[in-house]
Amino acid sequence: MSEADPLLKPAPVTDLGLAGEIRPALPLGPEGLDRHTRRDLLKEEMAIAEGFHGGAMWPYAVATFGCFAVWLSFFPLAITGHLNLPLAFVLSCIFATGGYVTSHEAMHSNIGRPGEKYRWLNEAIGAVSTIPIVFPFSMARIMHLEHHYHCNDPLKDPDYTDEAPNALMAWYKTWYNRQPGVDGSIHHYKRILGEMGTPEAARALKETMLLQLVFMGVLFTMAWSGFAIEAALLWWLPRHIGLSYIRFYLSWAPHHPREGQTGRYEQANIFKSRLGHVLSMCMETHLIHHLYPGIPNHRTKAAYLALKPILEKRGVDCSAI
Amino acid sequence: MQSAVKQLFHWMPFLFGIGFIAPLVAQTMQSWGIAAPFGMSPIAFGLLIGAPWGFVTVLRGRWL
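These numbers come from a predicted model, not from an experiment. (Residues numbered from 1 in each chain as written. Chains lettered and ligands numbered in written order. Predicted model: local features only at pLDDT ≥ 70, side-chain atom pairs only at ≥ 80, totals over all residues. Heavy atoms only, no water.)

### Thoughts on the overall build of chain A
From N to C terminus, chain A includes 11 helices and 0 strands. In sequence order, the secondary structure elements of chain A are arranged as α-α-α-α-α-α-α-α-α-α-α. Principal-axis analysis of the C-alpha atoms places the extent of chain A at approximately 95 × 40 × 40 Å. Of all 321 residues assigned to chain A, the portion counted as buried reaches 48%. Of all intrachain contacts in chain A linking residues separated by at least 6 positions in sequence, the fraction that spans at least 24 positions is 64%. Of the roughly 16,100 Å² of accessible surface on chain A, a fraction of 65% belongs to carbon and sulfur atoms. (Helix = DSSP H or I, 4+ residues; strand = E, 2+ residues; numbered from the N terminus. Buried < 20%, exposed > 50% of the residue type's maximum accessible area, 1.4 Å probe, protein only. Contact = heavy atoms within 4.5 Å. Areas by Shrake-Rupley, 256 points an atom, 1.4 Å probe, with all protein chains shown as cover.)

### Quick notes on the side chain of Thr285(A)
Residue and element names in this part refer to chain A. You can see Thr 285 is positioned in the loop between helix H9 (276-279) and helix H10 (286-291). Classification of Thr 285 as buried rests on a relative accessible area of 0%. A distance of 3.1 Å separates polar atoms of two side chains, one belonging to Thr 285 and the other to Thr 300. (Polar contact = N/O pair within 3.5 Å; in protein donor to acceptor, adjacent residues only side chain to side chain.)

### Thoughts on a nonpolar patch on the surface
Taken together, the side chains of Trp11(B), Phe55(B), Val56(B) and Leu59(B) present a nonpolar region at the surface, about 360 Å² in accessible area. Assessed through its relative accessible area of 31%, Trp11(B) is described here as partly exposed. (Patch = residues over 30% accessible without salt bridge, like charges linked within 9 Å, V, L, I, M, F, W, Y side chains within 5 Å. Salt bridge = Lys/Arg side-chain N within 4 Å of Asp/Glu carboxyl O.)

### Side note on the pattern of salt bridges
Residues and elements named next belong to chain A. Counted by the stated rule, this structure contains 11 salt bridges over all chains. Across the salt bridge formed by Arg 191 and Glu 195, the nearest N and O atoms sit 2.9 Å from each other. In this pair, Arg 191 and Glu 195 both sit in helix H7 (residues 185-196), 4 residues apart, roughly one turn of the helix. On the basis of relative accessibility, which here comes to 37%, the residue Arg 191 falls in the partly exposed class.

### Observations concerning the domain arrangement of chain A
All names here are of chain A. Split into domains, chain A comes out as domain 1 (57-263) and domain 2 (276-321). Taking only C-alpha atoms, the centre of domain 1 and the centre of domain 2 are 23 Å apart. Tallying the contact residues gives 19 residues for domain 1 and 13 residues for domain 2. Buried area between domain 1 and domain 2, both sides added, is near 1,300 Å², and the carbon and sulfur share of it is 67%. It is His 148, Tyr 249 and Leu 250 in domain 1 that bury the most area against domain 2; as a group they hold 28% of the surface buried on that side. Our count for the domain 1 to domain 2 interface comes out at 0 salt bridges. For the pair domain 1 and domain 2, the interface holds 10 residue pairs in polar contact (both at pLDDT 80 or more). (Domains from an automatic or database assignment. Buried area = accessible area lost by both parts, 1.4 Å probe.)

### Looking at the interface of chain B and chain A
With 22 residues of chain B at the contact, the number on the chain A side is 22 residues. For the pair chain B and chain A, the summed buried surface comes to about 1,700 Å²; carbon and sulfur atoms form 79% of the total. When the buried area of chain B at its contact with chain A is split by residue, Phe9(B), Phe20(B) and Gln27(B) rank highest and sum to 31% of it. Between chain B and chain A we count 0 salt bridges in total. The interface formed by chain B and chain A contains 8 residue pairs in polar contact (both at pLDDT 80 or more). For the side of chain B that touches chain A, the elements supplying multiple residues, two or more each, are helix H1 (2-10), helix H2 (12-32) and helix H3 (42-60) of chain B. If one sorts the elements of the side of chain B that touches chain A by residue count, H2(B) sits on top with 12 residues.

### Section: the packing of helix H3 (residues 85-107) of chain A against helix H4 (residues 119-129) of chain A
All names here are of chain A. Remark: H3 packs on H4, axes separated minimally by 8 Å, with the N-to-C direction vectors making an angle of 150°. The chirality of how H3 crosses H4 is left-handed. Facing H3, whose interface residues are Gly 99, Thr 102, Ser 103, Glu 105 and Ala 106, H4 presents Asn 122, Ile 125, Gly 126 and Ser 129. Tallied by class, residues from the contact of H3 with H4 come to 2 nonpolar, 6 polar and 1 charged. (Axes fitted to C-alpha atoms, helices over the stretch in contact; angles between N-to-C directions. Left-handed = near helix turned anticlockwise from the far one by under 90°. Nonpolar A, V, L, I, M, F, W, Y, C, P; charged D, E, K, R; others polar.)

### Focus: the packing of aromatic side chains
Residues and elements named next belong to chain A. On inspection of all chains with the given rule, the structure shows 24 aromatic pairs over all chains. Between Phe 74 and Phe 95, the aromatic rings sit 6.3 Å apart at their centres with planes inclined by 15°, giving stacked as the arrangement. Placement of the pair is Phe 74 in helix H2 (residues 58-79) and Phe 95 in helix H3, with a sequence separation of 21 residues. Take Phe 74 and Phe 95: they sit in the same class, and that class is buried. Arranged with centres 5.8 Å apart and planes meeting at 25°, the rings of Tyr 172 and Tyr 176 form a pair that is stacked. Remark: Tyr 176 and Tyr 172 occur in helix H6 (residues 167-176); sequence separation between them is 4 residues, near one turn of the helix. (Phe/Tyr/Trp six-rings, centres within 6.5 Å; stacked < 30°, edge-to-face > 60°.)

### A closer look at the environment of Ile133(A)
Mapped onto the fold, Ile133(A) is located in the loop between H4 and helix H5 (137-149). When neighbours within four sequence positions are excluded, Ile133(A) is seen to be in contact with Ala96(A), Tyr100(A), Arg239(A), Leu243(A) and Ile246(A).

Structure, rendered in structure tokens:
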């Protein structure tokens, strides 16, 4: 060995008489935990999360079919003049927005997994829930799962186009991304599906086209039959309001600022909504959904509170709730 | 078939202007008791707004 060999080079000594460069015995992760600690924490985390999977899912079915039936009944009632239109408009907005929540459970097969007894119900809930926002379940499921696989990846996350520097800009972008010539929202989804080229993607594109044509057909027919205001207040406007609300609370708010936030514990934020947990569609604890998509939406807050000590050790900012 | 559908969706804002915005404008005016200018019928006025607006949207790619 020569004198230049680094193994023979004496370490610099500090005033305390210790080596200047202290290295841990085990390599540490970004949160300062060694791999044994990380593994133990993960085991503990999974054991706690397991207790929040499942539970009664029938309220999702009741809400889906009940709200859809009421919404459908608005159309003949409006045409025959037996409807309180302002009230029906408010309810239609709620149904359009809330429908995404029930559909979202179906996207993750939380109502019935393939081969299970209630699989048909899972698929039916998914298919019906998003009709008011003219967003077919086939497309919604593929795009949402892509969002989970590539969360916050600027090139691969289909929802990355919702990113905006602040809340006001985020609201604006929910509208801007729906403009016909802008590569955002459903136009962005269509392009990604076209590039995927799988049979499922082709089916999703076909169903999207059909649903949009039905939507336009209903609007045009009602409008030229003298019910343009009714069509606007029961479907057209609730769809736009619902899509903006969904984009803001389900996409922008929990994932902002997105850039570089691709790690397991970075994909979503824990935040406090001005509208509260329910009106923000349980998105305050959306990180739990990304960690464990099998936990139903209504149980994510309870799961978060149980997992909070572990999440804090993982470096998650839990100061908001 | 695919090309025809693409064309249909490309021109959809224009069709939307005629098919939905025009009657919506006309019926809103009637509902609020607003008369169309120059002695036009409400639907003619609605078409005068909806059709060009939809056409410009096809060209610009944005409604506003």
